[in-house]
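Here are the chains, one letter per residue:
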Number of protein chains: 2
Amino acid sequence: MAGTNSDRLASMNTAVTAADVARTIEHTLLRPEATAEQVDQLCRETLELGFHGACVNPCYVRRAAELLGRCVSPAGRAPVVVCPVGFPLGANLAATKADEARRAIDDGAREFDMVAPIGALIAGDRDLASRDILAVAEVVHSALPGGVLKVILETAVLTEAQIILACRCAAEGEADFVKTSTGFHPAGGATVGHVRLLHRYASPIKVKASGGIRTAATALAMLEAGAARIGTSSGAAIVAELAGGAR
Amino acid sequence: MAGTNSDRLASMNTAVTAADVARTIEHTLLRPEATAEQVDQLCRETLELGFHGACVNPCYVRRAAELLGRCVSPAGRAPVVVCPVGFPLGANLAATKADEARRAIDDGAREFDMVAPIGALIAGDRDLASRDILAVAEVVHSALPGGVLKVILETAVLTEAQIILACRCAAEGEADFVKTSTGFHPAGGATVGHVRLLHRYASPIKVKASGGIRTAATALAMLEAGAARIGTSSGAAIVAELAGGAR
């Protein structure tokens, strides 16, 4: 298994190392029963393993930002705090999502994973969906130079046509990323097929794959399919697997 | 099965009819992929079947309030709109929850099902949990005479000691109800044992049972255990089952 991953790493166009993969990972802890102590542990791992950032719920953003802001990871940069917005249903008012993003900016978050209004996407209401995304984008981009907005589409419950519509809405809504899944929907998480579809229709908007990514093989497959970021709670295991295979 | 339910109805202390059970039901549609059209259907059923109210996500509260506000159900009263707050993780900032409730009041909601800060309950942080609840209670009770605040505890992930602590926090937070479950957590929904526990420790605060209640037998068992309200997306089937048994 480790040999296979090593082969896959070698076969990718660029010379990808375990550290390269780590830099794409957003180390994620969003379970509602997560405690402050577990958030601290997540932040320590984020620093030690050189992840791009730590993704924690709004009530823990200030705590994570204080922990991560003090340090520089082995990758030579401070990891960012990623905050979900309107998570995981996306069925809040746009104004509530915008407020939640504003408060997370004040607390130290630098990237924002908002959930799209999924019912509107399914109903084909392009206007409503685009405006919902734009309401959050305006907060993120005006209040925070370099702030990054990702839009979670919950691709497992959308048809291909709805996913393509969602990519248009993400562009009209001035998002920086589209993201496959919340990881909370029983219909499932990211698939390679959906990542390819997003990469094709959302470009130049980037793609974050998330939901059910638990092995190095899956993470590499997502990157090969066009993902620029991986959201996972299994980042430590994935990097360990890759480092083992590369030795 | 219908005979059994009829027997159970007859055996309850008070003379409970199918209409009585309907009046305890909050007809619920919270799936993120729910469309406006499905919300309209939910409201029609709420009116026709004499449910206590319709529970819809914040983005649909105004629509549901406009539909339900125009009519009076066969039960002789207008059903209320119930709005989830900080749903379903409860891991938002208290200020965001309070804002979400404030906006839902403006849109016409009359009852509010907020999710408690579950991580704080697990960590035993009574102060933080009570203040979180109180922040929403102050909005609901000051801006809306007769407004009802329910606190969802997600009992399936709590120990008995944590549930008892949560009941104290609900009292300190001036909630009107404690509610078992969001219906979204993989650990499961309401159990008769948890409803009994809440009834015992939260009283005089009332109990709403929710999550996985799909049959008349389960609904009756929850009422017998002390629930004053039932949250379910299977209300139509439950009432049909009871009416069939009572004929």
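Residues numbered from 1 in each chain as written. Chains lettered and ligands numbered in written order. Predicted model: local features only at pLDDT ≥ 70, side-chain atom pairs only at ≥ 80, totals over all residues. Heavy atoms only, no water.

Caption draft 1: Broad picture of the relation of the copies chain A and chain B. Expressed as a screw transformation, the operator carrying chain A onto chain B has a rotation angle of 180° and an axial translation of 0.0 Å, and the superposed copies differ by an RMSD of 0.0 Å. Such a combination of rotation and displacement between the chain copies is what one expects of a two-fold axis. With an isologous cut-off of 70% or more, the 100% of interface residues of chain A that recur at the interface of chain B puts this contact in the isologous class. (Least-squares fit on C-alpha atoms with pLDDT ≥ 70 in both. Contact = heavy atoms within 4.5 Å.)

Caption draft 2: Region of the structure containing the interface of chain A and chain B. The interface is formed by 28 residues belonging to chain A together with 28 residues belonging to chain B. For the pair chain A and chain B, the summed buried area comes to about 2500 Å², and 63% of that belongs to carbon and sulfur atoms. Taken as a group, A:Pro32, A:Leu89 and A:Arg103 account for 25% of the area that chain A buries against chain B, more than any other trio of residues on that side. Joining chain A to chain B, the criterion identifies twelve residue pairs in polar contact (both at pLDDT 80 or more). Where the side of chain A that touches chain B is concerned, the elements lending two or more residues are helix 5 (94-107) and helix 6 (118-123) of chain A. By residue number, the principal contributor to the side of chain A that touches chain B is helix 5 of chain A, which donates six residues. Looking at side-chain class alone, the side of chain A that touches chain B contains 17 nonpolar, six polar and five charged residues. (Buried area = accessible area lost by both parts, 1.4 Å probe. Polar contact = N/O pair within 3.5 Å; in protein donor to acceptor, adjacent residues only side chain to side chain. Helix = DSSP H or I, 4+ residues; strand = E, 2+ residues; numbered from the N terminus. Nonpolar A, V, L, I, M, F, W, Y, C, P; charged D, E, K, R; others polar.)

Caption draft 3: Inspection of the packing of helix 4 (residues 61-69) of chain B against helix 5 (residues 94-107) of chain B at higher detail. Residue and element names in this part refer to chain B. Running from amino to carboxyl end, helix 4 crosses helix 5 at an angle of 30°, the nearest separation of the two axes being 8 Å. Compared by their axis directions, helix 4 and helix 5 come out roughly parallel. The two elements helix 4 and helix 5 cross, and the hand of that crossing is right-handed. Residues Val 61, Arg 62 and Ala 65 of helix 4 form the contact with helix 5, whose own contacting residues are Ala 104, Asp 106 and Asp 107. For the contact of helix 4 with helix 5, the residue count by class is three nonpolar, no polar and three charged. (Axes fitted to C-alpha atoms, helices over the stretch in contact; angles between N-to-C directions. Parallel < 35°, antiparallel > 145°, perpendicular 65-115°, else oblique. Left-handed = near helix turned anticlockwise from the far one by under 90°.)

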